[in-house]
Amino acid sequence: MKTIFFRLLFACLFLMTLACSHDEFESTTTETPQNINDEAALAAAATGKSLSSECQFEYEGELGPEFWATLCGSDWESCGGSSQSPINIETSTVEHDDDNLEPIQTWYRGTSVDIINNGHTVQFNYDAGSTARLNGIEYELKQFHFHTGSEHTVDNYRYDMEMHLVHQDPNTGLLAVIGVFFKEGRSNYLLGKFLNHIPKNEGEHFKDPYRHFFVNFLLPYDKTYYTYNGSLTTPGCDEIVTWYVLKNPIRASRRQLDAFKKIMHSNYRPVQDLNNRIVRSAGGFLAYDD
Ligand SMILES: [Zn+2]
């Protein structure tokens, strides 16, 4: 019995040493590589538009959301379109449609760490090879990023934070984004791992090719979703996104949520008119309440 105990103790100490030695490979740099997984860059593959890198936007003031449509000639005019995102999800008008909609299926693999602060959000690029099947279409997961507070609201309730998992259909270039709400509660394991490494300033990024993680730690168990056709929530606001907003939030501690807010400030676009669009929901209701 004693032998087993000491073997286990030795194994634990060995693993701890390994974990610590990884820190030697961590690096923060101000060199920003071409951000090929940036939403606008991904959208360009579907729209054929060239990237308007000299045009700037903000979340308030003269470059704020109410002016986005006119800030970049015709390139950002979609921001004034009729199928824009985010929206307020009015649950009383949502059509539950398990007959025609499929449950979300994901094949997310581990990824190395590549975090970018692009001046508007904190973005985690995802290694190639992770996919999601969303209503018959196989998408590739490209990156995920965060907004404080949430961009979508539910019955006018705004959550503390919203994560966007950006997927692309390799055949058409069209995007599907899974939105996940964050609510204050117990601390989140994965956010805790990276909280000290999130680049604080625009243009900075943090890479660690030796450490791997799974995004699944940031997803709720019950993936019941709201879906509708919309747009990117940043300029050029291209209307090429099928949205999958998960009904169930996940938890993060107040300290974790505040850390993101301190870096990103309020980076949510106000909700847009639904116009004649319909929001549907599916995914099954498991006996699970997070
Ligand atoms: Zn987003």
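This one's a predicted model, so the numbers in the text were calculated from it and none came from an experiment.

1. Observations regarding the overall build of the protein chain
Scanning the protein chain from N- to C-terminus turns up 4 helices and 18 strands. Split into buried and exposed, the 290 residues of the protein chain put 36% on the buried side. Sequence-distant contacts in the protein chain: of pairs separated by 6 or more residues, those separated by 24 or more amount to 71%.

2. A word on the sheet that holds strand β10 (residues 153-154)
The strand order across the open sheet formed by 3 strands is β3-β10-β11, and the pairing between neighbours is mixed. Two strands in the sheet have a free side with no partner beyond their single neighbour: β3 (88-89) and β11 (157-158). As defined by bridge partners, β3 adjoins β10 across 2 bridges and the pair is classed as parallel. Counted as the bridge partner of I89 is V154 from β10.

3. Quick look at unusual backbone geometry
Note that the residue after S85, namely P86, is joined by a cis bond; omega there is 0°. Position of P86 among the secondary structure elements: in the loop between β2 (71-74) and β3. Cis geometry is adopted by the peptide bond preceding G236, which originates at P235 and carries an omega value of 0°. With respect to the helices and strands, G236 occurs in the loop between β15 (225-230) and β16 (241-246). Phi is positive for N135, close to 50°, though the residue is something other than glycine. Among the secondary structure elements, N135 is positioned in the loop between β8 (131-134) and β9 (137-148).

4. Some remarks on the environment of I115
Residue position: I115 is located in strand β6 (residues 111-117). Between the C-alpha atom of I115 and that of N125, which follows or precedes it by 10 residues, the distance is 6.4 Å. Other than its neighbours up to four places away in sequence, I115 contacts V122, F124, F194, H197, I198, P199, H205 and F206.

5. Regarding the environment of L101
On the secondary structure map, L101 appears in the loop between β4 (95-96) and β5 (105-107). In this structure L101 comes out as partly exposed when scored by C-beta crowding, with 19 C-beta atoms within 10 Å. Once you skip the residues sitting within four places of it in the chain, L101 turns out to touch N135, T227, R280 and A282.

6. Things to note about the pairing of strand β13 (residues 175-184)
β13 sits mainly inside the fold: 8 of its 10 residues count as buried. In this structure, strand β12 (residues 161-168) lies alongside β13, joined through 8 bridges in antiparallel fashion. Directly across from H164, in β13, lies its bridge partner G179. The antiparallel pairing of β12 with β13 creates a hairpin that spans 6 residues between the two strands, and G173 there sits at a positive phi of about 85°. Note that β13 and β16 share 5 bridges and pair parallel. Bridging across to β16, V177 finds its partner in W243. Sheet analysis places β13 next to strand β17 (residues 250-252), joined by 3 bridges and oriented parallel. When the bridges of β17 are listed, E184 appears paired with A252.

7. Describing the nonpolar core
L165, L175, V177, F182 and Y244 are the most contacted members of the largest nonpolar core, which totals 54 residues. With 7 residues, the top contributor of residues to this core is β13. Excluding anything up to four places from it in sequence, L175 contacts L42, A43, V166, H167, Q168, I240 and V241.

8. Some remarks on the pairing of β6
As defined by bridge partners, β6 adjoins strand β14 (residues 205-213) across 6 bridges and the pair is classed as antiparallel. Paired with I115 across the strands is F206, a residue of β14. The turn joining β6 and strand β7 (residues 122-125), which pair antiparallel and follow one another in sequence, is formed by 4 residues; a positive phi near 90° is taken by G119.

9. Remarks on helix α2 (residues 39-47)
All buried positions along α2 are accounted for by E39, A40, L42 and A43. In a view along the axis of α2, the buried residues occupy a sector of 155°, so they form one face of it. Tucked inside the fold, the buried residues of α2 contact β9, β12 and β13. Directly beyond the C-terminal end of α2, a positive phi value near 75° is found at G48.

10. Observations concerning the confidence of the model for the protein chain
Looking at the protein chain as a whole, its pLDDT mean stands at 88, while 85% of the residues score no less than 70. This model gives residues 9-27 a pLDDT under 50, and the stretch forms 7 contacts once residues within four places in sequence are excluded. Every residue in residues 286-290 scores below 50 in pLDDT, and together they form 8 contacts with partners more than four places removed in sequence or on other chains.

Thresholds, definitions, all that
Residues numbered from 1 in each chain as written. Predicted model: local features only at pLDDT ≥ 70, side-chain atom pairs only at ≥ 80, totals over all residues. Helix = DSSP H or I, 4+ residues; strand = E, 2+ residues; numbered from the N terminus. Buried ≥ 20, exposed ≤ 12 C-beta atoms within 10 Å, placed from the backbone. Contact = placed C-beta atoms within 7 Å. Pairing = 2+ DSSP bridges. Core = buried A, V, L, I, M, F, W, Y, C linked by C-beta atoms within 7 Å. Arc of directions from axis to C-beta. pLDDT = per-residue confidence, 0-100.

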